[in-house]
Amino acid sequence: MKSDLELLQQIYKVASALDLELCTVLNRGKSTMSGAEYEELMELMIEVEDYLESKGL
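Remember, it's a predicted structure, so these values are computed and weren't measured experimentally. (Residues numbered from 1 in each chain as written. Predicted model: local features only at pLDDT ≥ 70, side-chain atom pairs only at ≥ 80, totals over all residues. Heavy atoms only, no water.)

Caption draft 1: Up close: the overall build of the protein chain. Each helix and strand counted, the protein chain has two helices and zero strands in total. For the C-alpha atoms alone, the extent of the protein chain along its principal axes is close to 40 × 15 × 15 Å. Burial analysis of the protein chain (57 residues in total) assigns 18% to the buried set. Residue pairs at least 24 apart in sequence account for 63% of intrachain contacts in the protein chain once pairs closer than 6 positions are excluded. On the protein chain, roughly 4,500 Å² of surface is accessible, and the fraction owed to carbon and sulfur atoms is 59%. If you average the places of the 5 positive and of the 12 negative side-chain charges in the protein chain, the two averages end up 7 Å apart. (Helix = DSSP H or I, 4+ residues; strand = E, 2+ residues; numbered from the N terminus. Buried < 20%, exposed > 50% of the residue type's maximum accessible area, 1.4 Å probe, protein only. Contact = heavy atoms within 4.5 Å. Areas by Shrake-Rupley, 256 points an atom, 1.4 Å probe, with all protein chains shown as cover. Lys, Arg positive; Asp, Glu negative; His and termini not counted. Charge placed at Lys NZ, Arg CZ, Asp CG, Glu CD.)

Given below as C-alpha cells:
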C-alpha cells in the first residue's frame, strides 16, 4: 500500500495536469491531453479514492 506522502504526490500530479489542461482549453479552445494521459490520471485518483474509503473517509 502506498504511503500518505505518495498519495498526496498523486493528488498533486493529477491536479496540476488537469489545471494545465483547463488553462490550455480556456486559452486555445482545444484539448492537448490524450485519452491515455487522462486514463492514467484517473487511475491515480481511483487509487486515492480506494485508500480514503479504506480509512473510512
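Caption draft 2: Structural context of helix α1 (residues 4-28). Helix length check: α1, at 25 residues, gives a terminal C-alpha distance of 36 Å against a target of 36 Å (1.5 Å per residue), a fit within 8%. For α1, every residue scored as buried is listed here: L7, Q10, V14, E21 and T24. In this structure, the buried side of α1 is in contact with α2 (35-54). (Expected span 1.5 Å × (residues − 1).)

Caption draft 3: Geometry of the environment of A17. Turning to its location among the elements, A17 is positioned in helix α1. According to the relative accessible area criterion, A17 is partly exposed, its value standing at 25%. A sequence separation of 16 residues divides A17 from M33, and the C-alpha atoms of the two residues are 9.0 Å apart.

Caption draft 4: Examining the packing of α1 against α2 more closely. At a minimum axis distance of 10 Å, the contact between α1 and α2 shows a crossing angle of 140°. Of the possible angle classes, the one that applies to α1 and α2 is oblique. Considering the relative orientation of α1 and α2, their crossing is left-handed. Note on element contacts: α2 touches α1 through E40, L41, M42, L44, M45, E47, V48 and Y51, opposite D4, L7, Q10, I11, K13, V14, A17 and L18. Partitioned by chemical class, the residues of the contact of α1 with α2 number 11 nonpolar, one polar and four charged. (Axes fitted to C-alpha atoms, helices over the stretch in contact; angles between N-to-C directions. Parallel < 35°, antiparallel > 145°, perpendicular 65-115°, else oblique. Left-handed = near helix turned anticlockwise from the far one by under 90°. Nonpolar A, V, L, I, M, F, W, Y, C, P; charged D, E, K, R; others polar.)

That's the geometry; what it means functionally is another story.
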